[in-house]
Amino acid sequence: MPSSAEPKASPTGGVQSLERAFDLLERMADAGGEVGLSELSASSGLPLPTIHRLMRTLVACGYVRQQPNRRYALGPRLIRLGESASRLLGTWARPYLARLVEETGETANMALLDGDEVVYVAQVPSRHSMRMFTEVGRRVLPHSTGVGKALLAQATDEEVRALLARTGMPAATEKTITTPEGFLEALARVRESGFAVDDNEQEIGVRCLAVPVPDSPTAAAISISGPAGRVTEASVEKIVPVLQEVAAELSVALANTGSASA
């Protein structure tokens, strides 16, 4: 018979308290990073004493901090974990991006939505002498990029409007979409077609095609970018199916990274 000191097992065979703690962290992230105990109790269905005990442990470990207003916020120790995970995600993605380069001839990228910004976590450059280069780790506002559209097409209109209100919509070029209504129309086209286009909106002379990575553990998108003279309207029919196929394969690979038993 197990001793009372052993952690309680969950229906999945894991440790219930760990599953609950990570669920609370994800609920905090979904709520914008700061919540009260009553909000967590309402969304998770857990009793307040259980949540208070879990949060006290997370605070002691530095993964959560308690604000002066008694609400709880995600803690700074999560930054280190997130940065390491982003680097690993980029490493896992590189073989898939290399395939994109092989089949399309253009530079391939992977990007995540981090807060209100898009961050590039991996890139494999084109072999052409004239090619696009985006530094891994670069952050951009999502309204002017193909990957940003692909990522935000999965959000509600209300969430998109709130994000745009926080970031503003500065014009990177004369073709950048600078109104919420125009951007929401672009997102509707992304949902209908299954892919996003940056047509000279981030940089004149550059066109980008992007698709979301389905069922990714964090919102992710992959893209190809190249000179507008090569990434033409006619090339879309060839490139988009490759992007979608690679995104589906990458989705399976990311799911499998966490499925091996210990």
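A quick note: this is a predicted structure, and the numbers were derived from the prediction, not measured.

**Comments concerning the sheet that holds strand β2 (residues 64–66)**
Spatially, the three strands line up as an open sheet ordered β1-β3-β2, and their pairing is antiparallel. What marks the edges here is a single partner per strand, and that holds for β1 (34–35) and β2. By the bridge criterion, two bridges tie β1 to strand β3 (residues 72–74) in an arrangement that is antiparallel. Within β3, the residue paired with V35 across the bridge is Y72. Relative to the sheet, helix α1 (residues 16–30) contacts β1, β2 and β3, its axis offset from that of β3 by approximately 90°.

**So, the sheet that holds strand β5 (residues 117–124)**
If you walk across this open sheet you meet the six strands as β6-β5-β4-β9-β8-β7, and the pairing is antiparallel. The sheet is open, and its two edges are formed by β6 (139–140) and β7 (196–199), each paired on a single side. Along the sheet face, helix α8 (residues 233–256) touches β4 (107–114), β8 (206–212) and β9 (220–227) and points at about 35° away from the line of β8.

**Brief notes about α8**
With 24 residues, α8 should cover 34 Å at 1.5 Å per step; its first-to-last C-alpha distance of 35 Å lies within 8% of that length. Burial in α8 covers these residues: S235, V236, I239, V240, V242, L243, V246, A247, L250, S251 and L254.

**A few points about the confidence of the model for the protein**
Taken over all residues, the pLDDT of the protein has a mean of 86, while the share at 70 or more is 89%. Scored below 50 in pLDDT, residues 1–7 makes one contact in the model with residues more than four places away or belonging to other chains. Under a pLDDT of 50 for its full length, residues 258–262 has, in the predicted model, zero contacts with residues more than four places off or in other chains.

**Quick notes on the pairing of β4**
Strand residues, when the strand is regular, have side chains that alternate between the two faces of the sheet. Most of β4 sits out of view: six of its eight residues are buried. Relative to β5, β4 runs antiparallel, the two being bridged by seven bridges. Its bridge partner being in β5, N109 is matched across the sheet by Q123. Counting the residues in the hairpin turn of β4 and β5 gives two residues, including G115, whose phi is positive at 65°.

**A closer look at the packing of helix α6 (residues 157–167) against helix α7 (residues 180–193)**
At a minimum axis distance of 11 Å, the contact between α6 and α7 shows a crossing angle of 135°. Judged by the angle between their axes, α6 and α7 are oblique. When the axes of α6 and α7 are compared, the crossing they make is right-handed. Contacts between α6 and α7 pair D157, V160, R161 and L164 from the former with P180, E181, F183, L184, L187 and R191 from the latter.

**Examining unusual backbone geometry**
Trans is the common state for peptide bonds, and a negative phi is the common state for residues other than glycine. Even without glycine at this site, R70 takes up a positive phi of about 75°. Tracing the backbone shows R70 in the loop between β2 and β3. On the accessibility criterion, R70 (60% relative accessible area) is exposed. One non-glycine residue with positive phi stands out, namely N200, at about 65°. Structurally, N200 is set in the loop between β7 and β8. The exposure class of N200 is buried, given its relative accessible area of 11%.

**A closer look at helix α3 (residues 48–61)**
In this model, α3 (14 residues) spans 20 Å end to end at C-alpha, consistent with the 20 Å of a helix rising 1.5 Å per residue. By the burial criterion, the buried members of α3 are T50, I51, L54, M55 and L58. Within α3, the buried residues cover an arc of 125° as seen down the axis, which keeps them to one side. Turned more than 90 degrees from where α3 packs its buried face, P49, R56 and A60 sit exposed. Where the residues of α3 are buried, they touch α1, α2 (37–44), β2 and β3.

Criteria and thresholds
Residues numbered from 1 in each chain as written. Predicted model: local features only at pLDDT ≥ 70, side-chain atom pairs only at ≥ 80, totals over all residues. Heavy atoms only, no water. Pairing = 2+ DSSP bridges. Helix = DSSP H or I, 4+ residues; strand = E, 2+ residues; numbered from the N terminus. Contact = heavy atoms within 4.5 Å. Axes fitted to C-alpha atoms, helices over the stretch in contact; angles between N-to-C directions. Expected span 1.5 Å × (residues − 1). Buried < 20%, exposed > 50% of the residue type's maximum accessible area, 1.4 Å probe, protein only. pLDDT = per-residue confidence, 0-100. Parallel < 35°, antiparallel > 145°, perpendicular 65-115°, else oblique. Left-handed = near helix turned anticlockwise from the far one by under 90°. Arc of directions from axis to C-beta.

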